[in-house]
Amino acid sequence: ALAVCARAMHEQGEFAGSVLAYSDVTEMVNALNAREDFVSSVSHELRTPLTSIIGYLDLVVDDEETSRLPGHLVNALEVAQRNAERLLLLVADLLTTASGTMHLQRSETDVAELVRVALDSARPRATAIGVDLDCDCEAELRASVDPDRISQVLDNLLSNAIKYSPDGGKVTVRSRKEDGNLVLEVEDTGIGMSEADQRDVFTKFFRTGQVKKAAIPGVGLGLVITKSIVEAHGGRISFSSELGAGSTFRVEIQLETRRSRQD
Ligand code: ADP
């Protein structure tokens with residue numbers, strides 16, 4: 001049950017009385033859990049046939065015989081392959097958000113290398129839309145983190161910074177150690193967000209009106225996942241943004257537990 005208590009005071013500041021309201025929220029909680037279970041099992045069921053479709057498409061696209069097909073057929077196969085991969089990523093995102101708890105596999109990681117790999121894989125997308133990709137990154141940066149998950153954080157922030165800069169511009173990645181923290185920043189000079197929209201960016205499926213109107217692809221799960229990964233590492237994510245001027249997302253993860261002075 002959810003209890004709400006309100007105290008009423010006289011104008012002179014004396015206590016006048018209080019009202020206590022109870023509401024049984026069991027049904028609401030059950031309905032929410034059932035929805036998460038549903039999303040989770042549907043995602044699992046979708047993954048198997050989708051992986052098989054991608055496997056066969058890869059086989060056909062990579063086959064020598066295929067290169068002898070007319071260009072428009074090769075193109076159609078490649079479009080199908082790209083979209084099947086997008087669908088698999090979406091299914092993976094749905095599973096991650098529905099499963100609730102995030103399990104990390106930490107290991108001593110070369111974070112500088114993860115940043116380089118993320119930049120390399122984002123570069124073709126940036127170049128295609130005329131976005132300048134810049135890096136102000138420490139060459140030596142190691143931390144005990146989950147490398148796959150931190151790559152996912154970098155990929156999500158970078159891909160947002162690029163796709164929400166539709167008219168070109170500049171995206172800068174910064175990575176460094178600062179006060180015992182690993183700090184990762186992704187700054188863009190893109191469309192930015194209004195103050196009202198900024199309140200909802202970490203809400204599942206939220207997308208701003210401008211990106212929906214501009215038909216920029218996305219589903220509104222990337223930042224939810226990014227935040228849960230960062231928080232599972234005991235870190236925090238923050239951002240600043242200005243409509244029409246750009247956004248900067250910042251991730252901070254503690255590198256090592258600092259000992260207190262008494263130790
Ligand atoms: P998606 O990009 O798939 O829509 P996200 O969860 O990554 O989902 O982002 C949620 C929304 O927040 C986006 O749809 C967009 O409206 C806004 N947003 C996120 N990153 C940026 C950015 N760098 N610049 C402007 N808007 C952004």
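Preceding this paragraph is the structure being described.
Attention in this report is confined to the structure presented alongside it. (Residues numbered from 1 in each chain as written. Predicted model: local features only at pLDDT ≥ 70, side-chain atom pairs only at ≥ 80, totals over all residues. Heavy atoms only, no water.)

Next up on the list: the sheet that holds strand β6 (residues 169-178). Taking strand neighbours across the sheet as the criterion, the 5 strands line up as β4-β6-β7-β9-β8 in an open arrangement whose pairing is mixed. One side of each edge strand has no neighbouring strand; the edge strands of this open sheet are β4 (131-137) and β8 (236-242). Mean inter-strand twist for the sheet, computed between neighbouring axes without regard to direction, equals 10°. Note that β6 and strand β7 (residues 181-188) share 8 bridges and pair antiparallel. Bridging from a neighbouring strand, Arg-174 pairs with Glu-185 of β7. Sheet strands in contact with helix α3 (residues 111-128) are β4, β6 and β7, and its direction is about 170° off that of β4. Seen against the sheet, helix α4 (residues 147-163) touches β4, β6, β7 and β9 (246-254) and runs at an angle of roughly 20° to β7. (Pairing = 2+ DSSP bridges. Helix = DSSP H or I, 4+ residues; strand = E, 2+ residues; numbered from the N terminus. Axes fitted to C-alpha atoms, helices over the stretch in contact; angles between N-to-C directions. Contact = heavy atoms within 4.5 Å.)

On to the state of the cysteines, then. Evaluated as defined, the whole model comprises 1 disulfide. Disulfide pairing places Cys-135 opposite Cys-137 at an S-S distance of 2.0 Å. When the S-S torsion is -120°, as for the bridge of Cys-135 with Cys-137, the disulfide is left-handed. Of the residues examined, Cys-135 reaches a relative accessible area of 36% and is grouped as partly exposed. In this structure Cys-137 comes out as partly exposed when scored by relative accessible area, which is 27%. (Disulfide = S-S within 2.5 Å. Buried < 20%, exposed > 50% of the residue type's maximum accessible area, 1.4 Å probe, protein only.)

Nothing here speaks to function; it is all geometry.
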